[in-house]
Amino acid sequence: MQSGLSSKPQTKLHVGIIMDGNGRWATRRRMSRLRGHEAGVEAIRRVVEAAPKQGLGTLTLYAFSSDNWRRPKAEVSALMSLLRFYLASEVESLVRNGVRLTVIGRRDRLPAGIADAIGRAEAATAGGDVLHLRIAVDYSARDAILNAALKAASAGQLTREAFSDLVTGEAGLRDVDLVIRTSGEKRLSDFMLWESAYAELHFTEKMWPDFREDDLAEALISFHGRERRFGGLQPEAMEPREEPALSA
Ligand code: IPE
Ligand code: IPE
Ligand code: MG
């Protein structure tokens, strides 16, 4: 049972994916890292298509972190070109499949034209109600929390839910149920730190370009086999009682 502290009305899952390993995937094949990122876009297509069939209502993909600006200029601009390409080439199929796209993260540091392309893609897909696809670009969870705190300071007293809306930039976003990270790394790298407070974590050795529908299914089987207690006890050990109003 989800605690009343963070329960949201949506029943479909929110899954976040740290799509890692594109570079290693390519290097092992003696290809350029760019080829790995291109193969990563194919994996995105597969997973977006599979997501609604596997019970996801929201899918947040980590595409470019605010720390990824530290990479060589050529790799950063290749990644930005891929993002531009994805936005231009994908909108039609997202609309057809009922996918609403939003991009989270900073837009003011992106190369010219990308922020506009993002806005156009968001507007074109706004009616999608099968899946909410969120792509994190120039994203830092700590910055998102800091910015929310700065806004909250002028807003006075806030509930946890209202603060959450400031962090996520939207009203009532479901907390993250499951975070998946590919490539064998076991860290969060500044991804959705607030939203993942009670998320289950799934790490796989697979590199992101090799990730397919079956891998998502496997992660979800593992997720469904776990017991989420949200600080309480196993349901059979719980006596029915009123929950105290703990949130401020
Ligand atoms: C993930 O793959 C994509 C981005 C971070 C943009 P990487 O590029 O981090 O691949 P590895 O970790 O170097 O293999
Ligand atoms: C995290 O991957 C960011 C994305 C997947 C976009 P990184 O490859 O940048 O993370 P670290 O540096 O290994 O922690
Ligand atoms: Mg990496």
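Overview of the structure.

The rules behind each value
Residues numbered from 1 in each chain as written. Chains lettered and ligands numbered in written order. Predicted model: local features only at pLDDT ≥ 70, side-chain atom pairs only at ≥ 80, totals over all residues. Heavy atoms only, no water. Buried < 20%, exposed > 50% of the residue type's maximum accessible area, 1.4 Å probe, protein only. Helix = DSSP H or I, 4+ residues; strand = E, 2+ residues; numbered from the N terminus. Pairing = 2+ DSSP bridges. Near = heavy atom within 4 Å. Polar contact = N/O pair within 3.5 Å; in protein donor to acceptor, adjacent residues only side chain to side chain. Areas by Shrake-Rupley, 256 points an atom, 1.4 Å probe, with all protein chains shown as cover.

## Regarding the pairing of strand E1 (residues 13–18)
- Summarising burial for E1: six of the six residues are buried, a large majority.
- Residues Leu13, Val15 and Ile17 of E1 are buried on one face, and the alternating residues His14, Gly16 and Ile18, pointing to the opposite face, are buried as well.
- Pairing between E1 and strand E2 (residues 56–65): six bridges, direction parallel. By the bridge assignment for E2, Ile18 is matched with Tyr62.
- Looking at chain direction, E1 and strand E5 (residues 178–181) are connected through four bridges and run parallel. Bridging from a neighbouring strand, Gly16 pairs with Val179 of E5.

## Here's the deal with the site of ligand 2
- For ligand 2, the full set of nearby residues is Ile18, Met19, Asp20, Tyr62, Ala63, Phe64, Asn68, Arg71, Arg181, Arg187 and Ser189.
- Within the side chain of Asn68, a nitrogen or oxygen atom sits 2.9 Å from an oxygen atom of ligand 2.
- Between an oxygen atom of ligand 2 and a side-chain N or O atom of Arg181, the distance comes to 3.3 Å.
- Isolated, ligand 2 exposes 390 Å² of accessible area, and the fraction of that covered by the protein chains is 77%.
- Counting residues per element, the shell around ligand 2 draws most heavily on E2, which supplies three residues.

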